[in-house]
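# Structural features, examined
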Amino acid sequence: MTSFSSIHFESSGRKSTAASRPEVIEKLQAAVGFDNVLVEPDKVEPYGADAVKEKFPPEAVVFPSNTAEMVTVLKIANEHVFPVTARGGGVGYTGGAVPVDGGIVIGTDRMNRIIEINADDLYAICEPGVTTYALQQAAAEIGLLFAPDPASYKDSFIGGNIAENAGGMRTPKYGVTKHHVLGLEVVTATGDVIRTGGKTVKNVVGFDLTGLMCGSEGMLGIITEATLKLMPMPEATSTVRASFRSMKAACEVLTKFTPHGLLPMAMEVIDKFCVAAVEENFAFGLSKDAEALLLVAVDGSSEQVASDAKMIEQLIADNGGFEILRSRSKEEEDKLWDVRRAISPSLMKYGTLKINEDVVVPRSKVPELVAEIEEIGRRHDTFVANFGHAGDGNIHVNFVVDRDDADAVARARRCVSETFRLAVQLGGTISGEHGIGYVKAPYMSYAIDAPTLEIMKGIKQVFDPKGILNPGKMFV
Ligand SMILES: Cc1cc2nc3c(=O)[nH]c(=O)nc-3n(C[C@H](O)[C@H](O)[C@H](O)COP(=O)(O)OP(=O)(O)OC[C@H]3O[C@@H](n4cnc5c(N)ncnc54)[C@H](O)[C@@H]3O)c2cc1C
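In this structure, Lys-53 takes a positive phi of about 70 degrees despite not being glycine. Along the chain, the position of Lys-53 falls in the loop between α2 (41-44) and β4 (60-62). Phi at Val-81 is positive, roughly 55 degrees, even though this residue is not glycine. Secondary-structure assignment places Val-81 in the loop between α3 (67-80) and β5 (84-87).

The following block contains the structure:
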């Protein structure tokens, strides 16, 4: 596999590869049109960062408008051997869309057509540059639901969601993105077009390449079309919010729902540090005795939702919950969720760098995970606050420090490393939804053993023999 780190040279402060050569730029311009290739430093710079906010500007940004153009671009990259990094909305949390080894970024912004929504067969076909929100809206107009709901849904693209296998709050009931992908069209590193899966929920012909592409982080091919599963839009939703005197009590109540046949769509927990932060910054009037806050949402028919929400309210009251509120309208429900939405802006008041991890453990281990993480924070004198998807054990661990304080940043990095080891020890893993990118690549071996890692590298080699697709990610 080509190592791009070995062929870099610095040019105007940027890494250069064959992609910078005038004849290559001309070929790219001929492939997608002159105006759809950016090379000026100020124009390419925004494509060198994502939500991690570290900058690795590409040599060029190329915007194909269809599969044929994508094929030509990849053939040029494969012939001249330079890195190619696909980019969706550019709101990833692990630097996946960032060209750390130089080369070009392929923006999918122009491939933003919803090709078909089929209400009879319950699928949608769309290009990768459609935002999650646009697809959800288009489906909702005819009473259908595209269930994956990353909080970044207004900015993230379907291609990015699939490549990261994004999750969201509705995961306990609806699963993650891969559970809603029926088929894909993908352009490989050599410029071949492959088709995986199809339009049916059932399909067991050959290896599950659709599943393989989900979470492949732009390292195996570039998704140019996706066939996605749709569902009937639930008629109603309702949320119950409650305070608890311990994280353990808040998490234990989640196990009381199943015996009553209840499957909430969302079960979110917020720790005492987050509660204190939102109170300090937004004054919601939450109890000072709250060691944890729980939000539980149900969906379905109006009658079912009303009765499920009531039962959840009762079970929470019977199991140590207090200050319990149940929404009876959309407006009331939105208000209950304001606390959750206020967490990130509130935490940012405690430092200029918020390292947001997304470890996941079996959900019964969440209280132990949170208690141990608090201890890690204390040991390294680092502020930490936890919240997240208690229903599926995926917790957002936030270490907050000042970006300019090198010692504090180093301590926070030690906290991250120890947190990853802890998650694995508790039977979980280092990422539930944000993926690996370059940010978590050094920690892959915590979660994946050597023989399994070799299989993954072998798969990469089959799809991308010259190593041009998103180098510097996942395996370092
Ligand atoms: C405020 C905020 C909230 C968030 N909330 C959530 C959340 O609730 N759940 C969650 O899972 N994540 C969340 N994220 C993380 C992020 O938004 C998701 O990972 C999202 O799926 C990224 O989509 P994107 O279009 O921005 O992808 P990008 O960041 O542009 O790219 C992500 C990866 O996908 C690859 N890629 C992009 N397009 C293609 C393509 N067409 N073919 C092949 N590979 C491609 C890129 O190379 C890269 O490796 C959040 C991020 C932010 C900033």
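Still more to cover.
In this section: the domain arrangement of the protein. You can read the domains of the protein as domain 1 (4-110), domain 2 (114-232), domain 3 (235-343) and domain 4 (351-435). Spacing between the C-alpha centres of domain 1 and domain 3 amounts to 45 Å.

Next up on the list: the nonpolar core. By size, the foremost hydrophobic cluster in this structure holds 55 residues, and its most contacted members are Phe-257, Val-269, Ile-312, Ile-316, Leu-369 and Phe-399. For this core, the element with the most residues is helix α13 (residues 406-425), which contributes 8 residues. Composition of this core by domain shows at least three residues from each of domain 3 (235-343) and domain 4 (351-435). Apart from residues lying up to four places away in sequence, Val-269 is in contact with Met-247, Ala-250, Ala-292, Leu-293, Leu-294, Phe-387, Gly-388, Ala-390 and Ile-395.

Turning next to the packing of helix α9 (residues 272-282) against helix α11 (residues 330-347). One way to put it is that α9 packs onto α11 with a least axis distance of 8 Å and a crossing angle of 85 degrees. Between α9 and α11, the interaxial angle falls into the category roughly perpendicular. Residue-level inspection shows Cys-274, Ala-277, Val-278, Asn-281 and Phe-282 of α9 in contact with α11, the latter providing Val-339, Ala-342, Ile-343, Ser-346 and Leu-347.

Turning our eyes to something else, we now look at the packing of helix α1 (residues 22-32) against α3. Interaxial distance between α1 and α3 falls to 9 Å at its minimum, and their mutual angle equals 165 degrees. Between α1 and α3, the interaxial angle falls into the category roughly antiparallel. The hand of the α1/α3 crossing is right-handed. In this structure, α1 uses Val-24, Lys-27, Leu-28, Ala-31 and Val-32 to contact α3, whose residues at the interface are Glu-69, Thr-72, Val-73, Ile-76, Glu-79 and His-80. The class makeup of the residues in the contact of α1 with α3 is 6 nonpolar, 2 polar and 3 charged.

Here the focus is the sheet that holds strand β19 (residues 383-389). As summarised here, the arrangement of the 7 strands in space is β17-β14-β16-β15-β19-β20-β18, forming an open sheet in which the pairing is antiparallel. Looking at which strands have only one partner, the edges of the open sheet turn out to be β17 (322-326) and β18 (353-357). The average angle at which neighbouring strand axes cross in this sheet is 15 degrees, direction not considered. Two strands pair when backbone bridges link them, and strand β14 (residues 236-244) and β17 are joined in this way by 3 bridges, in the antiparallel orientation.

All right, on to the pattern of salt bridges then. All chains considered together, the criterion is met by 20 salt bridges. Residue Arg-326 is joined to Glu-313 by a salt bridge in which the shortest nitrogen-to-oxygen separation is 2.6 Å. Highlighted residues: Arg-326 in strand β17 and Glu-313 in helix α10 (residues 302-318), separated in sequence by 13 residues. An identical accessibility class is assigned to Arg-326 and Glu-313; each is buried. Residues Lys-440 and Asp-358 are paired through a salt bridge, measuring 2.6 Å at the closest nitrogen-oxygen approach. Of the two residues, Lys-440 sits in the loop between α13 and α14 (444-447) while Asp-358 sits in the loop between β18 and α12 (366-379), which places them 82 residues apart along the sequence. Accessibility assignment for this pair places Lys-440 and Asp-358 in one class, buried. Shared partners join several salt bridges into a network, and the residues in it are Glu-357, Asp-358 and Lys-440.

Looking now at the sheet that holds strand β12 (residues 222-229). Read from one edge to the other, the open sheet built from 5 strands follows the order β7-β8-β12-β10-β11, with strand pairing classed as antiparallel. Of all the strands in the sheet, the pair left with one neighbour each is β7 (114-118) and β11 (193-197). Neighbour-to-neighbour, the strand axes of the sheet open up by a mean angle of 10 degrees, direction not taken into account. One ladder, built from 5 bridges, connects strand β10 (residues 181-187) with β11; its direction is antiparallel. Directly across from Leu-184, in β11, lies its bridge partner Thr-196. Contacting β10, β11 and β12, α3 crosses the sheet at an angle of about 50 degrees to β10.

The next subject is the site of the ligand. Around the ligand, 33 residues are found, and the nearest of them are Ala-86, Gly-88, Gly-89, Val-91 and Ser-152. With respect to the ligand, the backbone of Gly-88 contributes an N or O atom lying 2.7 Å from an oxygen atom. Between the ligand and the protein, one listed contact pairs an oxygen atom with a backbone N or O atom of Gly-96 at 3.2 Å. A total of 980 Å² of accessible area belongs to the ligand in isolation, and the protein chains cover 92% of it. At the level of secondary structure, the elements contributing two or more residues to the shell around the ligand comprise β5, α5 (158-164) and β12. With 5 residues, α5 is the single largest residue contributor to the shell around the ligand. Of the residues belonging to the shell around the ligand, the class tally is 13 nonpolar, 16 polar and 4 charged.

Moving on: the environment of Gly-129. Note on placement: Gly-129 falls in the loop between β8 (123-126) and α4 (132-141). The exposure class assigned to Gly-129 is buried, which follows from its relative accessible area of 5%. Each C-alpha atom, one on Gly-129 and one on Asn-112, is 4.3 Å from the other, the two residues being 17 residues apart in sequence. Those residues within four positions of Gly-129 in sequence are excluded, and the remaining contacts are Thr-108, Met-111, Asn-112 and Phe-157.

With 14 residues, α3 ought to run about 20 Å at 1.5 Å a step, and its terminal C-alpha atoms sit 20 Å apart, in line with that. The buried fraction of α3 is high, at 10 of 14 residues. Considered for burial, the residues of α3 that qualify are Thr-67, Glu-69, Met-70, Val-71, Val-73, Leu-74, Ile-76, Ala-77, Asn-78 and His-80. Sitting at the head of α3, Asn-66 places a side-chain oxygen 3.2 Å from the backbone nitrogen of Ala-68.

About the cut-offs
- Residues numbered from 1 in each chain as written.
- Predicted model: local features only at pLDDT ≥ 70, side-chain atom pairs only at ≥ 80, totals over all residues.
- Heavy atoms only, no water.
- Helix = DSSP H or I, 4+ residues; strand = E, 2+ residues; numbered from the N terminus.
- Domains from an automatic or database assignment.
- Core = buried A, V, L, I, M, F, W, Y, C linked by side-chain atoms within 4.5 Å.
- Buried < 20%, exposed > 50% of the residue type's maximum accessible area, 1.4 Å probe, protein only.
- Contact = heavy atoms within 4.5 Å.
- Axes fitted to C-alpha atoms, helices over the stretch in contact; angles between N-to-C directions.
- Parallel < 35°, antiparallel > 145°, perpendicular 65-115°, else oblique.
- Left-handed = near helix turned anticlockwise from the far one by under 90°.
- Nonpolar A, V, L, I, M, F, W, Y, C, P; charged D, E, K, R; others polar.
- Pairing = 2+ DSSP bridges.
- Salt bridge = Lys/Arg side-chain N within 4 Å of Asp/Glu carboxyl O.
- Near = heavy atom within 4 Å.
- Polar contact = N/O pair within 3.5 Å; in protein donor to acceptor, adjacent residues only side chain to side chain.
- Areas by Shrake-Rupley, 256 points an atom, 1.4 Å probe, with all protein chains shown as cover.
- Expected span 1.5 Å × (residues − 1).

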